Amino acid sequence: MSLSMLFVLIAGASALMGFYRLLAGPTATDRVVGLDILFAVAIILSLTASWVSGRTVYLDVAIGLALVSSVATLSWARLIQVGAQGGGLGGKQVDAAGGGQDGYQLRSPGDRRGAGWGDAKRDSRRDTRGDSREQSQDGGPGDRRGDIWGHSQGSGQEQEVRS
Amino acid sequence: MMDPIGWAICGLGSVLLLIAALGILRLPDALARQHAATKAVTLAVLVFALGIGLLARDPAWTWRLLALACILILTLPLASHALARAAMRERMQVSGLDQIL
């Protein structure tokens, strides 16, 4: 029993370090890393709980935690990556009106395919939004609204040129 | 007879978890922190599950722990890969490399 207590203490120390990284991480990826290690600490704690209490229910809890942890980490990483590509959520904002567009435009096609949402889906989104964007063209450089996928509104022109 | 081995393996797993947490706390970069987090944490959880399985030699525990190990081995490299790519992309954006490449 005392050895289990030692395991709980070690897991608590690891959870404190993970909380520090979750709260004070300079980039968004650091926070996701902290979340990842918090999930691992939760899995190990539930394994310890199953051994201490002698019930197998906590093992099922550990299996569920493993599934949720992988899905959470994957989705957060994808969101960070897409945000860093188009300049939307998280990371440093590109302050010039054309800065993000230039960075998006000069990317090689291999990198663009690595975004993972699928090029066909992006093409369909681009096509359906072409008309409304033409009407609101005179928004000026202050018009920096983007959709939740991280593509800024004004970057449709370069995409049309490229494709 | 198997109990000291099981306790020792559990202790090894928790020490690995502590080392991984120290790496997350101390390493200088997001990519390096992700490296410490995913690989060492995977090993720590697997070793801890092995120790618990040696402590409780019961088929109900063994099969559940095997399912946990399979899920971890199958899903954690995926999450690690996506996280590493996000870290690389974010580092390129912060350093301005994505304007060049």
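Starting from 1, residues in each chain are numbered consecutively following that chain's sequence as written. Just so you know, chain letters begin at A and ligand numbers begin at 1, following the order they were written in. In keeping with the predicted nature of the model, local features appear solely for residues at pLDDT of at least 70, side-chain atom pairs appear and are counted solely at 80 or more, and the whole-chain, interface and lining totals rest on all residues. The basis for every side-chain value is the complete set of non-hydrogen atoms in the structure, without hydrogens or water.

Working rule for contacts: check all heavy atoms of both residues, and any pair within 4.5 Å makes them a contact. In this complex, chain A contributes 56 residues to the contact, which on the side of chain B involves 47 residues. We define buried area as the total accessible area lost by two parts upon association, computed with a 1.4 Å probe and summed across both. Buried area between chain A and chain B, both sides added, is near 4800 Å², and the carbon and sulfur share of it is 72%. It is F7, M17 and W51 of chain A in chain A that bury the most area against chain B; as a group they hold 14% of the surface buried on that side. By definition, a salt bridge exists where a carboxyl oxygen of Asp or Glu is found within 4 Å of a side-chain nitrogen of Lys or Arg. Joining chain A to chain B, the criterion identifies two salt bridges. Its salt-bridge partner being D30 of chain A, residue R33 of chain B comes within 2.8 Å of it at the nearest N-O pair. Two N or O atoms form a polar contact when they lie within 3.5 Å of each other; inside protein one atom must be a possible hydrogen donor and the other a possible acceptor, and for residues adjacent in sequence the pair counts only when both atoms belong to side chains. Joining chain A to chain B, the criterion identifies four residue pairs in polar contact (both at pLDDT 80 or more). To qualify as a helix, a DSSP run of H or I must reach at least 4 residues; to qualify as a strand, a run of E must reach at least 2; elements of each kind are numbered from the N terminus. Listing elements by their share of the side of chain A that touches chain B, those giving two or more residues are α1 (2-24), α2 (28-53), α3 (57-86) and α4 (99-105) of chain A. By the convention adopted, Pro, Cys, Tyr, Trp, Phe, Met, Ile, Leu, Val and Ala count as nonpolar, Lys, Arg, Asp and Glu as charged, and the other residues, Gly among them, as polar. Among the residues forming the side of chain A that touches chain B, the class breakdown is 29 nonpolar, 17 polar and ten charged.

It is worth spelling out the packing of α2 of chain A against helix α1 (residues 3-26) of chain B at this point. Between N-to-C directions, angles span 0 to 180 degrees; the directions come from axes that are lines fitted to C-alpha atoms, helices contributing only their stretch in contact. Running from N to C, α2 of chain A and α1 of chain B point in directions that differ by 160°, and their axes come no closer than 11 Å. Classified by the angle their axes make, α2 of chain A and α1 of chain B are roughly antiparallel. Classified by chirality, the crossing of α1 of chain B by α2 of chain A is left-handed. Here α2 of chain A contributes V33, I37, A40, V41, I44 and W51 of chain A to the contact with α1 of chain B, which in turn contributes W7, L17, A20, A21 and I24 of chain B. Its residues placed into classes, the contact of α2 of chain A with α1 of chain B shows eleven nonpolar, no polar and no charged. Reported orientations rely on four angle classes, namely roughly parallel under 35 degrees, roughly antiparallel over 145, roughly perpendicular from 65 to 115, and oblique for the rest. The sense of a crossing depends on the near helix, which, turned anticlockwise from the far helix by less than a right angle, makes the crossing left-handed and, turned clockwise, makes it right-handed.

Within the fold, T38 of chain B resides in helix α2 (residues 30-55). Side-chain polar atoms of T38 of chain B contact the backbone oxygen of Q34 of chain B, separated by 2.9 Å. Contacts of T38 of chain B, omitting those with residues within four sequence positions, involve D36 of chain A together with S80 of chain B.

To continue, consider the pattern of salt bridges. All told, the structure shown has two salt bridges over all chains when counted by the stated rule. Close ionic contact of D60 of chain A with R64 of chain B constitutes a salt bridge, the shortest N to O distance being 2.7 Å. With D60 of chain A in helix α3 and R64 of chain B in helix α3 (residues 59-95), the pair connects residues from two separate chains. For R64 of chain B, a relative accessible area of 26% corresponds to the partly exposed category. Partly exposed residues are those whose accessible area sits between 20% and 50% of the maximum for their type, while under 20% is buried and over 50% is exposed, using a 1.4 Å probe and protein chains only.

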